[in-house]
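Architecture at a glance
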Amino acid sequence: MNFDFLEDMDNDDKEIEIQYHPQNQEDALKLKKFIEYQMQTIDVVDENNQIKKIRLAMIYYVHYHQQKITIYGKNETYLCYQSWDSISNLFENLYFVEVRKDIFINHYHIKDIQSEYIVLDNGQILSI
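Procedures and definitions
Residues numbered from 1 in each chain as written. Predicted model: local features only at pLDDT ≥ 70, side-chain atom pairs only at ≥ 80, totals over all residues. Heavy atoms only, no water. Salt bridge = Lys/Arg side-chain N within 4 Å of Asp/Glu carboxyl O. Helix = DSSP H or I, 4+ residues; strand = E, 2+ residues; numbered from the N terminus. Buried < 20%, exposed > 50% of the residue type's maximum accessible area, 1.4 Å probe, protein only.

Describing the pattern of salt bridges
Per the stated rule, a full pass over the model turns up three salt bridges. When the shortest N-O distance is used, the salt bridge between Lys53 and Asp43 registers 2.8 Å. Of this pair, Lys53 sits in strand β2 (residues 51-55) while Asp43 sits in strand β1 (residues 41-45), and the two are 10 residues apart along the sequence. Residue Lys53 is classed as exposed on the basis of its relative accessible area, which comes to 55%. Its relative accessible area of 40% is what places Asp43 among the partly exposed residues. The closest approach of N and O atoms between Asp102 and Arg100, which form a salt bridge, is 3.0 Å. Judged by its relative accessible area of 33%, Arg100 is partly exposed.

See the structure below:
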């Protein structure tokens, strides 16, 4: 499959058009799902108590502990005030792996997996 990127100077909406050969429909649907994942955001609270949106793709892992949801980025930490059930439903259907009942890890940021721990591409080590 080849990718051609065409700039549409007259289009200022946020739509992405994927053209595909009928024999490659499954590949096009996988690409669509991946692009949607890359663009999806979640509301979080940063270290300055400011509400902001972050892309799910930038999340390294999510941890639920003592009724609090902490979201870890490459070098950032955020709080999320959604319920753990809604967070679990969101992440279990995406590119995240539930390694324990309280941790989801973004599999795109996994560098190495051992029997007792996972190493992320930012060097962080998580026990499993």
